[in-house]
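Descriptive structure summary
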Amino acid sequence: MTPAPWVNVLANPHFGTVVSESGLAYTGRECHEFRLTPWCNDPVSDSSGEAFYLRDEERGHFWSPTPLPSRGAMPYASRHGFGYSVFEHTERGIRSELWVYVAQDAPIKFTVLKVRNESGRSRRLSATGYVEWVLGDLRPKSAMHVVTEIEPGSGALFARNPYNTEFASRVAFFDVDDVTRTVSGDRTEFLGVTARFETRLR
């Protein structure tokens, strides 16, 4: 834990993301009124609409490669630099590194998850990512209007907000480079009716 909140702003002239010492915080495009994910100005709770999980599929144990939202039992190292942030963690013999970048010339955020098995035995793991789409200024106003679909060619999850007059024709996406993934835009399928998470990539 840092003695005070700390963030790294990764941005180009038209797109950017904020990464805190605890994890992925917020992503937006061009202006504060077109947020891709929720922005929360609360340094105490440090809530976020973006996250990744790692899960031991044999034992059911899960944790985040970042300190939030699901802190593991062992310490984390969070490092910020010019143009990147990285989180390092080892949990029950599984070492992870999560690197975050923003393209210099395109509205694209890259997250690279590296996982190494240092436990000395075979392990069966899954990685799960989620994003809460805003596609507007405030999530309570836009959540009911966000429409998701799977793009047939790439398998990426597309998200649109046709009710946002300024950005109705724009598309946000969430994709991974593993062909063995499953994708859902249904929050009930992901964590149930009381869950606030909306998108699963596994």
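Residues numbered from 1 in each chain as written. Predicted model: local features only at pLDDT ≥ 70, side-chain atom pairs only at ≥ 80, totals over all residues. Heavy atoms only, no water.

**Focus: the packing of aromatic side chains**
Put simply, the test is: In summary, the pairing rule links any two rings of Phe, Tyr or Trp, Trp by its six-membered ring, whose centres are within 6.5 Å, and it sorts them by plane angle into stacked for under 30 degrees, edge-to-face for over 60 and tilted for everything else. Helix numbers and strand numbers start at the N terminus; a helix is a DSSP run of H or I with at least 4 residues, a strand a run of E with at least 2. Remark: exposure states derive from per-residue accessible area (1.4 Å probe, protein chains only) relative to the maximum for the residue type, with buried under 20%, exposed over 50%, and partly exposed in between.
This structure, assessed with the given rule, holds five aromatic pairs. For the pair Tyr-84 and Trp-99, a centre-to-centre distance of 5.7 Å together with 35° between the ring planes defines the contact as tilted. Residue Tyr-84 is found in strand S7 (residues 84-91), and its partner Trp-99 is found in strand S8 (residues 94-102); the two are separated by 15 residues along the sequence. For Tyr-84, a relative accessible area of 25% corresponds to the partly exposed category. Assessed through its relative accessible area of 17%, Trp-99 is described here as buried.

**Concerning the pairing of strand S1 (residues 7-12)**
Selection criterion: Any two strands with at least two DSSP-identified bridges between them are counted as paired.
Burial of S1 is one-sided: the residues Asn-8, Leu-10 and Asn-12 facing one way are buried, the residues Val-7, Val-9 and Ala-11 facing the other way are not. Note: S1 against strand S2 (residues 15-20), six bridges, orientation antiparallel. Bridged to Ala-11 within S2 is Gly-16. Between S1 and S2, which pair antiparallel in sequence order, lie two residues.

**Describing the nonpolar core**
How we decide: Take the buried residues of types Ala, Val, Leu, Ile, Met, Phe, Trp, Tyr and Cys, join any two whose side-chain atoms come within 4.5 Å, and each joined set is a nonpolar core.
If you look at the biggest cluster of nonpolar residues, it comprises 20 residues, and the most contacted ones within it are Leu-36, Trp-133 and Leu-135. At the level of secondary structure, the elements contributing two or more residues to this core comprise S2, S8, strand S12 (157-160) and strand S13 (172-174). Ranked by the residues each element gives to this core, the list is headed by S8, at three residues.

**Overview of the sheet that holds S1**
Filter applied, for reference: Axes, fitted as lines to C-alpha atoms, cover a helix only where it is in contact. Angles between the N-to-C directions of the axes lie from 0 to 180 degrees.
Ordered by their spatial adjacency, three strands build an open sheet running S1-S2-S3, and the pairing between neighbours is antiparallel. Taken across any chain shown, the strands that pair with only one partner, and hence form the sheet edges, are S1 and strand S3 (23-29). For this sheet, the mean angle separating the axes of adjacent strands, direction not counted, is 15°.

**A word on the sheet that holds S8**
The antiparallel open sheet is built from four strands, whose spatial order is S6-S7-S8-S9. Every other strand in the sheet has two partners, leaving strand S6 (76-81) and strand S9 (109-117) as the edge strands with one partner each. Sheet twist, expressed as the mean angle between neighbouring strand axes with direction ignored, is 10°. Examined bridge by bridge, S6 and S7 share six bridges and lie antiparallel to one another. Residue pairing for S7: Gly-81 is matched across the bridge by Tyr-84.

**Quick look at the layout of surface pockets**
Selection criterion: Cavity: a set of points on a 1 Å grid over the protein atoms alone where a 1.4 Å probe fits but cannot get out. Pocket: an open set with protein on both sides within 12 Å along at least five of seven lines, its lining residues, like those of a cavity, having an atom within 4 Å of a point. Grid points are joined across faces, edges and corners, and a volume is the space filled by probe spheres set on the points.
Put simply, the largest pocket is a space of about 1,200 Å³. In terms of lining residues, the largest pocket is bounded by 40 residues, among which Phe-52, Thr-111, Phe-174, Asp-175 and Val-176 are the most central. For the lining of the largest pocket, the elements supplying multiple residues, two or more each, are S3, strand S4 (50-56), S9, strand S10 (125-131) and S13. The element best represented in the lining of the largest pocket is S10, accounting for seven residues.

**Concerning the environment of Val-131**
Tracing the backbone shows Val-131 in strand S10. Assessed through its relative accessible area of 5%, Val-131 is described here as buried. Sequence separation between Val-131 and Gly-49 is 82 residues, and the spatial gap between their C-alpha atoms is 5.5 Å.

Just geometry here; none of it tells us what the structure is for.
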